[in-house]
Amino acid sequence: MNKFIYLSLILMQLTSCSFSSSQFDLIKNMISPENNSSKPEKNWNAYWMDKKIDLYAINVNDQVIFADEKINIFYKDKQIYKITGLLPELQTLEIESKDNLLLFMSDGRHIGVDSCELGYSVSIDENYEKYLRSCFSANTNKTYENHVVFNTEGMIISLRFKIHPEYNSLQLSMK
């Protein structure tokens, strides 16, 4: 009896009708995550701890948020000031620029202070301008440079910032 039921089900599947509907295909394509051309693309790369991470750049009022599904990097006033989801422990990093100091905090806990010179801009060529700020790391006794590169329209095309006293700088660039 089980064989008969099994064979009947197979026969019904083989001989059953199929249908095609343009309305059904339209709705399926609208809700399907595949091949959705209206979906924004990740147009920035982050380089951090020997990894390349694709990110969206989101302009919100007077700041830019570089983000993916778990990482948020907040930039405002020529400084990265907050990062969430980047470190493996998913700590929140905050960098406060105060006078000639950069104050580093992790989950509200003070983790370092670096001293910096005043920032200044230089023309790279007729197409680009670079904002530079040299800082001295108290942890490593080395000087490093935070910088932002702008195109002729004033749009950011790359950044490099020290975001944690114990790690190399984070680099961001347009694809």
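The structure this text deals with has already been given above.
Rules of the game
Residues numbered from 1 in each chain as written. Predicted model: local features only at pLDDT ≥ 70, side-chain atom pairs only at ≥ 80, totals over all residues. Heavy atoms only, no water. Buried < 20%, exposed > 50% of the residue type's maximum accessible area, 1.4 Å probe, protein only. Helix = DSSP H or I, 4+ residues; strand = E, 2+ residues; numbered from the N terminus. Pairing = 2+ DSSP bridges. Phe/Tyr/Trp six-rings, centres within 6.5 Å; stacked < 30°, edge-to-face > 60°. Lys NZ or Arg CZ within 6 Å of the ring centre and 35° of its normal. Core = buried A, V, L, I, M, F, W, Y, C linked by side-chain atoms within 4.5 Å. Contact = heavy atoms within 4.5 Å.

Novice: When you look at the pairing of strand β12 (residues 156-161) in this model, what are you seeing that I'm missing?
Specialist: Looking along a regular strand, one sees the side chains alternate between the two faces of the sheet. For β12, the tally of buried residues reaches five of six residues, placing the bulk of the element in the interior. Pairing analysis gives four bridges linking strand β11 (residues 143-151) to β12, with the strands arranged antiparallel. Bridged to His147 within β12 is Arg160. The antiparallel pairing of β11 with β12 creates a hairpin that spans four residues between the two strands, and Gly154 there sits at a positive phi of about 85°. Sheet topology places β12 next to strand β13 (residues 170-174); four bridges connect them, and they run antiparallel. Among the inter-strand pairings, Leu159 is bridged to a residue of β13, identified as Leu172.

Novice: What's the story with the packing of aromatic side chains in this structure? I'm lost.
Specialist: For any two aromatic rings, the description comes down to two numbers: the centre-to-centre distance and the angle of the planes. Inspection of the entire model under this criterion finds four aromatic pairs. With a centroid separation of 5.9 Å and an interplanar angle of 45°, the aromatic rings of Phe74 and Tyr81 are classed as tilted. A cation over an aromatic ring shows up here: Lys162 above the ring of Tyr144, its NZ or CZ 5.6 Å from the ring centre.

Novice: Looking at this structure, how should I read the nonpolar core?
Specialist: As a rule of thumb, nonpolar side chains are buried together in soluble globular proteins. Tyr75, Ile80, Ile163 and Leu172 are the most contacted members of the largest nonpolar core, which has 31 residues in total. Every residue in contact with Tyr75, bar those within four places of it in the chain, is listed here: Gln63, Val64, Phe66, Ile80, Tyr81, Val148, Phe150, Ile156, Leu159 and Phe161.

Novice: Honestly, the environment of Tyr167 in this entry has me stumped. Any pointers?
Specialist: By the element assignment, Tyr167 lies in the loop between β12 and β13. Among the residues examined, Tyr167 registers a relative accessible area of 24% and is labelled partly exposed. Separated by 118 residues in the primary sequence, Tyr167 and Met49 place their C-alpha atoms 7.9 Å from one another. Look past the residues within four positions of Tyr167 in its chain and what remains in contact with it is Trp48, Met49, Leu87 and Lys162.

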